[in-house]
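# Results of the structural survey
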Amino acid sequence: MPNRLTMPIGEAMFSQRAIRRLKPDPIKEEDIRLMIEAAQKAPNGGNNQPGRFFVMNDPAIISEFGKLYHEAWWAKRKDEGFNSAEDFPKEHKTHFYAMKLADEIKDAPLIILACAIKAGVDNSVFPPVQNLLLAARALGIGSTLTTLHATVMERVHKLTGIPEDVKIYCCIPMGYPRGNFGPTKRLPSREITFFNQWGTAPPWS
Ligand SMILES: Cc1cc2nc3c(=O)[nH]c(=O)nc-3n(C[C@H](O)[C@H](O)[C@H](O)COP(=O)(O)O)c2cc1C
């Protein structure tokens, strides 16, 4: 058992949140390894372990990838009908924060793409991804789960050498935070939980 992942699991889970403002300081290779080894321990269908992690810590590739990420992020917004920041509803704060990440990701010290050697196995990729995020939190490393967009995928495969038949599920920029971890805002558990029959509130409501 790695003795550096000693943060109580509750503390990690309750303070892990999207950290989009990152310091440029490099992440040690031993920490990258530890996060991936924690990710590997997650459940996956039949223990077939289709997940693969593609790690970018070379500023040259991150800078190139950053341009594609920026384009992908705006392609997603255009799909939603937003052509510029002026179009975002003021209350939709996440778009403003995420836009800043799209501008700054080119300077992130570490980006991990969670992939799988075949498509259709997202349910075997995201449990490892969540372990990765929690292990990062325990090491004081900030992260955000993000996705890319079809318009850039061919160029992402070309840039990274990831074969076309390897599916890229998500993109996780990481780094030491400028800002703080948690707490996060979520719905009360009584609103998202039903007991025995759909619509029956839990005993704690
Ligand atoms: C499937 C998925 C896609 C996401 N895509 C993006 C993204 O493209 N850009 C981004 O900045 N955050 C992205 N996020 C992060 C969410 O915005 C974030 O988890 C959510 O707002 C809760 O934030 P919090 O944990 O800081 O409270 C994504 C999260 C998930 C699960």
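In case you missed it, the structure is sitting above this.
The rules behind each value
Position numbers for residues count from 1 along each chain, tracking the sequence in the order it is written. It should be noted that, the model being predicted, local features are given only for residues of pLDDT at least 70 and side-chain atom pairs only at 80 or more, the latter also being counted only at that level, while totals for whole chains, interfaces and linings use all residues. By definition, any uninterrupted DSSP run of H or I lasting at least four residues is a helix, any uninterrupted run of E lasting at least two residues is a strand, and each is numbered from the N terminus. Three exposure classes are used, all based on how many other C-beta atoms lie within 10 Å of a residue's own C-beta (placed from the backbone): buried at 20 or more, exposed at 12 or fewer, and partly exposed between those limits. Working definition of a contact: two residues with C-beta atoms, positioned from the backbone, lying within 7 Å. By definition, a residue lies near a molecule or strand provided its backbone-derived C-beta atom is within 6 Å of it. Here the term charged refers only to Asp, Glu, Lys and Arg, the term nonpolar to Ala, Val, Leu, Ile, Met, Phe, Trp, Tyr, Cys and Pro, and the term polar to all other amino acids, Gly among them. For a helix, the expected span equals 1.5 Å multiplied by the residue count minus one. Put simply, a nonpolar core is buried Ala, Val, Leu, Ile, Met, Phe, Trp, Tyr and Cys residues tied into one set by C-beta atoms within 7 Å.

Its place among the elements puts methionine 153 in helix H6 (residues 150-160). When the 16 C-beta atoms within 10 Å are taken as the criterion, methionine 153 is described as partly exposed. Once the C-alpha coordinates of methionine 153 and glutamate 164 are considered, the two residues, 11 residues apart in sequence, prove to be 9.1 Å apart. The contact partners of methionine 153, leaving out residues within four places of it in the chain, are Leu148 and Ile168.

Every residue near the ligand is listed here: Arg17, Ala18, Arg20, Thr94, Ala98, Leu101, Thr144, Leu145, Thr146, Thr147 and Thr184. Classifying every residue of the shell around the ligand gives four nonpolar, five polar and two charged.

Between the first and last C-alpha of helix H3 (residues 59-79) there are 30 Å, a value that for 21 residues agrees with the 30 Å anticipated at 1.5 Å per step. Those residues of H3 lying buried are Phe65, Gly66, Leu68, Tyr69, Ala72, Trp73 and Arg77. Those residues of H3 hidden inside the fold are in contact with strand S1 (51-56), helix H4 (93-104), strand S2 (110-116), H6 and strand S4 (167-175). Of the residues one or two after H3, glycine 81 is the one with positive phi, at around 95°.

This part is about the nonpolar core. The biggest cluster of nonpolar side chains holds 39 residues, and the ones touching the most others in it are Tyr69, Ile111, Leu132, Ala135, Ala136 and Met174. For this core, the secondary structure elements donating two or more residues are helix H2 (29-40), H3, H4, S2, helix H5 (122-138) and S4. Sorting elements by how many residues they give to this core places H5 first, with eight residues. Apart from residues lying up to four places away in sequence, isoleucine 111 is in contact with Met56, Ile62, Phe65, Cys171, Ile172 and Pro173.

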